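Overview (structure and organization)
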Amino acid sequence: MEVVPALVPASPRVRFGVELRRLREGAQLSQAAVASRLGCTQTQVSRLEKAVRSPSKSDADRLDRLFGAESGVSFVRLYERITAQPGGPVWFRSWAEEIEPTARVLRSWDPLLIPGLLQTEAYARHLFSLEPRATAEVVQNQVGARMRRQRILDRDSPPLVLVLVDAGVLHRKVGDAKVMREQLDCLLKIVERPAVSIQVVDPDCLPGLAGAFMIAELPDGNPVTVHADSPAQGHVTADCELVTLIQERYEAIRLWAYPERASLKMIEKARREWT
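A brief structural summary. All values reported here derive from a predicted model rather than from experimental measurement. (Residues numbered from 1 in each chain as written. Predicted model: local features only at pLDDT ≥ 70, side-chain atom pairs only at ≥ 80, totals over all residues. Heavy atoms only, no water.)

Description of the overall build of the chain
Each helix and strand in the chain was counted, giving 11 helices and 6 strands. A total of 275 residues make up the chain; the buried ones form 46% of that total. For the chain, the share of sequence-separated contacts (at least 6 apart) that also reach a separation of at least 24 residues comes to 71%. When the accessible surface of the chain is split by element, carbon and sulfur atoms take 53% of a total near 14800 Å². (Helix = DSSP H or I, 4+ residues; strand = E, 2+ residues; numbered from the N terminus. Buried < 20%, exposed > 50% of the residue type's maximum accessible area, 1.4 Å probe, protein only. Contact = heavy atoms within 4.5 Å. Areas by Shrake-Rupley, 256 points an atom, 1.4 Å probe, with all protein chains shown as cover.)

See below:
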């Protein structure tokens, strides 16, 4: 059964949705009418009002222009308060809150680390603790956000998750040997789920050196969306040309992947070496 995290009534995201609905109904506008002004779908406006979708800066700007200063509400200021909330940057919260939970299929590639959806708490905590200017509070918020992302794997109908990882990830020390053993144990356990597949990619795979990414196939005719990683800011897009390029790269990397059975033996072998 899907677990939906409770929303804080006073949170900026909830107020954004409440004010949007109040002003929309006061102006006698339908959700479809507002959607046409935002350049999105009626469903996305509904998700904004229910506070299950994070608004973009563009959403906030357009709503301020639509309702005007006389409304007494600044959607841009609410947006700024939302982005100041803990748990990760707004561009990634958009992916984690809107894309991953609704995806039917998630394909991922990571040349450096275990992907976030499969990380243990200890593994994730060590990674976040080494970030520049990391504080205990920030690390805790980031770890909590990462663990909440993984709830989609526990649903009655989880997405199909197809993971490609570079062989070097199994031997790259994150934390101590205990952290690595627990992490590889986690991979061996999670792959027992019929909706999760993990394949190890030969380290000679040069097409994979461009960086990590994820591809989400969405329901109801929504476009395929990708998230491409970078040290400063990830990029989330449904642009057809960019999506096609990422899909082609995924297939090029997959050609270097070992079959799943062989991949699991590699994970088991690496796990024994972490003593």
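Here the narrative resumes, following the displayed structure.
Focus: the pattern of salt bridges
For the coordinates displayed, the defined rule picks out 14 salt bridges. A salt bridge links Lys269 to Glu273, with the shortest nitrogen-to-oxygen separation between them at 2.8 Å. With Lys269 and Glu273 both in helix α11 (residues 260-273), this residue pair falls 4 residues apart, about one helical turn. One network of salt bridges, with partners in common, ties together Arg21, Arg24, Glu25 and Glu49. (Salt bridge = Lys/Arg side-chain N within 4 Å of Asp/Glu carboxyl O.)

Describing the nonpolar core
Counting 35 residues, the largest nonpolar core has Leu106, Leu118, Leu184, Leu187, Ile198, Ala216 and Ile267 as its most contacted members. Going through the elements one at a time, α6 (90-99), β2 (160-166), α9 (177-190), β3 (196-201), β4 (213-217) and α11 are the ones with two or more residues in this core. With 7 residues, the single largest contributor to this core is α9. Dropping the residues within four chain positions of it, Leu184 is found in contact with Leu170, Ile267, Ala270, Arg271 and Trp274. Counting residues in each nonpolar core, the second largest holds 18 residues, with Leu20, Leu63, Leu78 and Tyr79 among its members. (Core = buried A, V, L, I, M, F, W, Y, C linked by side-chain atoms within 4.5 Å.)

Structural notes on the packing of helix α7 (residues 121-129) against helix α8 (residues 136-149)
Each pair of packed helices gets described by two things: the angle between the helix axes and the distance between those axes. Axis separation between α7 and α8 bottoms out at 9 Å; the angle between their running directions is 140°. When the axis of α7 is compared with that of α8, the two are oblique. Where α7 crosses over α8, the two elements pack in a sense that is right-handed. Contact residues: α7 offers Glu121, Ala124, Arg125, Phe128 and Ser129, while α8 offers Val139, Gln140, Gln142, Val143, Arg146 and Met147. (Axes fitted to C-alpha atoms, helices over the stretch in contact; angles between N-to-C directions. Parallel < 35°, antiparallel > 145°, perpendicular 65-115°, else oblique. Left-handed = near helix turned anticlockwise from the far one by under 90°.)

Side note on the packing of helix α2 (residues 31-38) against helix α3 (residues 42-49)
Viewed as axis vectors pointing N to C, α2 and α3 meet at an angle of 100°, and their least axial separation amounts to 8 Å. Regarding the angle of α2 to α3, the classification is roughly perpendicular. Counted together, Gln31, Ala32, Val34, Ala35 and Leu38 of α2 and Gln42, Val45, Ser46, Leu48 and Glu49 of α3 form the full contact between these two elements. Looking at the contact of α2 with α3 residue by residue, the class counts come to 6 nonpolar, 3 polar and 1 charged. (Nonpolar A, V, L, I, M, F, W, Y, C, P; charged D, E, K, R; others polar.)

Some points on the packing of aromatic side chains
Inspection of every chain in the model, using the stated rule, returns 2 aromatic pairs. When the centroid spacing of 4.9 Å and the interplanar angle of 70° are considered together, the rings of Phe16 and Phe75 count as edge-to-face. Taken as a pair, Phe16 in helix α1 (residues 12-26) and Phe75 in helix α5 (residues 75-83) lie far apart in primary sequence, 59 residues in all. Of the residues examined, Phe75 reaches a relative accessible area of 0% and is grouped as buried. Plain terms: the ring middles of Phe67 and Phe75 are 6.3 Å apart, the flat faces sit at 40° to each other, and that makes the pair tilted. Neither Phe67 nor Phe75 differs from the other in exposure class; each is buried. In this structure an aromatic cluster arises from ring pairing among Phe16, Phe67 and Phe75. (Phe/Tyr/Trp six-rings, centres within 6.5 Å; stacked < 30°, edge-to-face > 60°.)

With respect to unusual backbone geometry
Not every positive phi belongs to a glycine, and Gln28 is a case in point at roughly 55°. Looking at the element boundaries, Gln28 is found in the loop between α1 and α2. Exposure remark for Gln28: the relative accessible area of 75% places this residue in the exposed category. The phi angle at Arg133 is positive, at roughly 60°, despite the residue not being glycine. In this fold, Arg133 is placed in the loop between α7 and α8.

Describing empty space enclosed by the protein
Counted by the stated rule, this structure contains 1 cavity of 30 Å³ or more. Approximately 30 Å³ is the volume found for the largest cavity. If you trace the largest cavity, you find it lined by Ser108, Pro115, Leu117, Leu118, Val161, Val163 and Met214. For the lining of the largest cavity, the residue count by class is 6 nonpolar, 1 polar and no charged. (1 Å grid on protein atoms, 1.4 Å probe; cavity = no way out; pocket = protein on both sides within 12 Å on 5 of 7 lines; lining within 4 Å. Points joined across faces, edges and corners; volume = space filled by probe spheres on them.)

Concerning the sheet that holds strand β5 (residues 225-228)
Ordered in space as β3-β2-β1-β4-β5-β6, the 6 strands form an open sheet in which the pairing is mixed. Both outer strands of the open sheet, β3 and β6 (235-237), are each paired with one neighbouring strand and no more. Between one strand axis and the next, the sheet turns by 10° as a mean value, whatever way the strands run. Across 6 bridges, the pairing between strand β1 (residues 105-110) and β2 is parallel. Within β2, the residue paired with Val105 across the bridge is Leu160. (Pairing = 2+ DSSP bridges.)

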